[in-house]
Structures are given as C-alpha cells and as structure tokens.
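# Coordinate analysis (summary)
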Amino acid sequence: MSEHIIPASRKRIFLALYLDYLVLSPVLALGLYVSTGQFEVPTWQELIVLSIYEAILYHVTDSPGFRLLSIRKSGRSMHPEGHLPVAADTLVVDPQVYFHEHWQTILIGLLFVAEGSKQMVRWAMWIPPLPLFGIATNPTTFAAYSMVLGSLLMFTGYMFLRLKRVGVWLGIGIAALMAVSTTMSWNQWHDIARELLIRRRSFQGLPIRSGEVEFLQAILPEALVAFLFLTIVLMFVVRKKLRY
C-alpha cells in the first residue's frame, strides 16, 4: 500500500460523525427557535435528520466533520500512475495531517468545536444576557455575541484539527478577551451567579439545592478567570505541535 494513501480508521470516521452532529445541532436548534419560538429538539429527531444529512452529503460532497478531520474519498487523481492501492471511494486521510497530528491537537480541536456548538445556542436555553467588558447587554445583543463567539470557537477548533498555528493565537486571543471582559464585569457576577443557577435548574426541571447559590457566588468569577488562564497556558504549551 502506498504510504501516501491512508484509509480512515473507524474511530476517525465515528469522530467525524460526532463533529457533524456538533455542527448540525445548533443549526437545527436555532432554526426551530426562530420559526416556532421553541428550542428543544428531541434527540431521536436530531439523529434522523443527521442520518439523512450524512446520506446526502456522502453522495454529493464531504461533510463538515470529514473536512474537520481531513477525510475525503479516494480518487484516481490521488495516485500518480492512476492505480489506487485501495478501492475507489474509500475514505482516506490527508497524510500531511495524519503524520503530524497529535492526540493533544485533536482533543483541543474537539473541545473548541464542542464549546462553540454549545455557545451558539446557550443564550436560547438558560444563560441570561451577560455583561461584556462591564457593559450590560440585552437579549438581542447577547444572542448575536454568543453566535459570533460560538462560530469563532468552532473555527479555532478547525484550525487545531488542521494543525494550523493561527488556531493557537485565535484561541489565546479569545480566552484573553473573555478574561478581560469577566474582570471588567467583576462586581456584577454576584447577581449573575444567582440568575444563572435559577435559569439552569428551571431548564433542567430540577429544584435548587440548599447552598448551591452561595457556592456558585463564592467561586465566580474567580473560577472562570482561572479556567481561561489555564486554557491560554495549555494552548501555548501545545503550539509547537501545530505544523503550519
């Protein structure tokens, strides 16, 4: 088998399907919210739509998850002699990515895509409008901010999965700006913590347990700033694993 033709493993294909789910879910949720004012999509309905989506894309083009993980169908143009060591339409991986990727770059990329997917829809679920750089927001401006931020986070994840160093600087920049915004809004987090917990428990259909509000108020915003700082350090540490 040619060293330049690398069939995609089952694990990689399943991960690509999961990434497709992460990309498709906010699109479905936002479409439902805009058209009906409702948000929740039953998981079984999401899976049916995802299956149809995958079936169509497989015959037409690559899915987002396949692109994120550098998977594509083999073709005779991929081999200089026109003779493939694998069957036509076999799913293969870009060798430039495959031979240089690391589990850390895959994990960070996956986490960014997952967080971006959630960020795009949390505002419609239970997160109240949060202040930005100390300035209060309304539901409309916070929704727009959340969708832009979610898109940037997903794009950052894509850059990590494609081993592009711009992903590090994008990720560091986003985390740093979020930390600055959190710090500038420091005095507002006491009330925010209470509303966050009330809305989340209401969305989950669960009661607020004794001491939960006080505990959250005690760790916010310090825990958020610490998490963002650790994220910056982690990305700085793995920057040398990105090739381009």
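Residues numbered from 1 in each chain as written. Predicted model: local features only at pLDDT ≥ 70, side-chain atom pairs only at ≥ 80, totals over all residues. Heavy atoms only, no water.

## Things to note about the packing of helix H1 (residues 10-36) against helix H5 (residues 103-122)
The interhelical angle for the contact between H1 and H5, taken along N-to-C directions, is 15°, at an axis separation of 8 Å. It follows that H1 is roughly parallel to H5 by the angle criterion. Classified by chirality, the crossing of H5 by H1 is left-handed. On the side of H1, the interface is formed by Leu15, Tyr18, Leu19, Leu22, Pro26, Ala29 and Leu30, while H5 contributes Ile106, Leu110, Val113, Ala114, Ser117, Met120 and Val121. Here the contact of H1 with H5 is composed, by residue class, of 13 nonpolar, one polar and no charged. (Axes fitted to C-alpha atoms, helices over the stretch in contact; angles between N-to-C directions. Helix = DSSP H or I, 4+ residues; strand = E, 2+ residues; numbered from the N terminus. Parallel < 35°, antiparallel > 145°, perpendicular 65-115°, else oblique. Left-handed = near helix turned anticlockwise from the far one by under 90°. Contact = heavy atoms within 4.5 Å. Nonpolar A, V, L, I, M, F, W, Y, C, P; charged D, E, K, R; others polar.)

## Side note on the side chain of Arg12
For Arg12, the location among the structural elements is in helix H1. Polar contacts involving the side chain of Arg12 include one to the main-chain carbonyl oxygen of Leu69, which spans 3.0 Å. For Arg12, the residues in contact, after removing those within four places along its chain, are Leu69, Ile71, Val93, Val97, Tyr98 and Glu101. (Polar contact = N/O pair within 3.5 Å; in protein donor to acceptor, adjacent residues only side chain to side chain.)

## Digging into the nonpolar core
In terms of nonpolar packing, the biggest core is built from 34 residues, with Leu19, Ile71 and Leu196 touching the most fellow members. Contributions of two or more residues to this core are made by H1, helix H3 (64-68), strand E3 (91-93), H5, helix H6 (139-161), helix H8 (189-204) and helix H9 (212-219). Apart from the residues within four sequence positions on either side, Ile71 is in contact with Ala8, Arg12, Ile13, Ala16, Asp62, Phe66, Leu91, Val92 and Val93. Grouped together as the second largest cluster of nonpolar side chains are 13 residues, Phe112, Leu153, Phe160 and Val238 included. (Core = buried A, V, L, I, M, F, W, Y, C linked by side-chain atoms within 4.5 Å. Buried < 20%, exposed > 50% of the residue type's maximum accessible area, 1.4 Å probe, protein only.)

## Focus on the layout of surface pockets
Of the pockets and cavities examined, the largest pocket occupies roughly 1500 Å³. Taken together, 47 residues make up the lining of the largest pocket; nearest its centre are Glu115, Arg122, Met178, Leu224 and Phe227. The set of elements that each furnish at least two residues to the lining of the largest pocket consists of H5, H6, helix H7 (166-184), H8, H9 and helix H10 (222-238). The class makeup of the residues in the lining of the largest pocket is 34 nonpolar, seven polar and six charged. (1 Å grid on protein atoms, 1.4 Å probe; cavity = no way out; pocket = protein on both sides within 12 Å on 5 of 7 lines; lining within 4 Å. Points joined across faces, edges and corners; volume = space filled by probe spheres on them.)

## Side note on the packing of aromatic side chains
This structure, assessed with the given rule, holds four aromatic pairs. Aromatic side chains Phe112 and Phe160 sit 5.8 Å apart centroid to centroid with 15° between the ring planes, which places their arrangement in the stacked category. Residue Phe112 is located in helix H5, and its partner Phe160 is located in helix H6; the two are separated by 48 residues in the primary sequence. This pair shows no difference in class: Phe112 is buried, exactly as Phe160 is. Taking the ring centre of Phe236 as reference, the NZ or CZ of Arg239 above it sits at 3.9 Å. (Phe/Tyr/Trp six-rings, centres within 6.5 Å; stacked < 30°, edge-to-face > 60°. Lys NZ or Arg CZ within 6 Å of the ring centre and 35° of its normal.)

## Overview of the sheet that holds strand E2 (residues 71-73)
Either a parallel or an antiparallel arrangement is found when strands of a sheet pair, and the pairing is made through backbone hydrogen bonds. In space, the three strands of this open sheet follow the order E1-E3-E2, with antiparallel pairing throughout. Looking at strand neighbours, the two that pair on one side only are strand E1 (6-7) and E2, the edges of this open sheet. With two bridges joining them, E1 and E3 adopt antiparallel strand pairing. Of the residues in E3, the one forming a bridge with Ile6 is Val93. (Pairing = 2+ DSSP bridges.)

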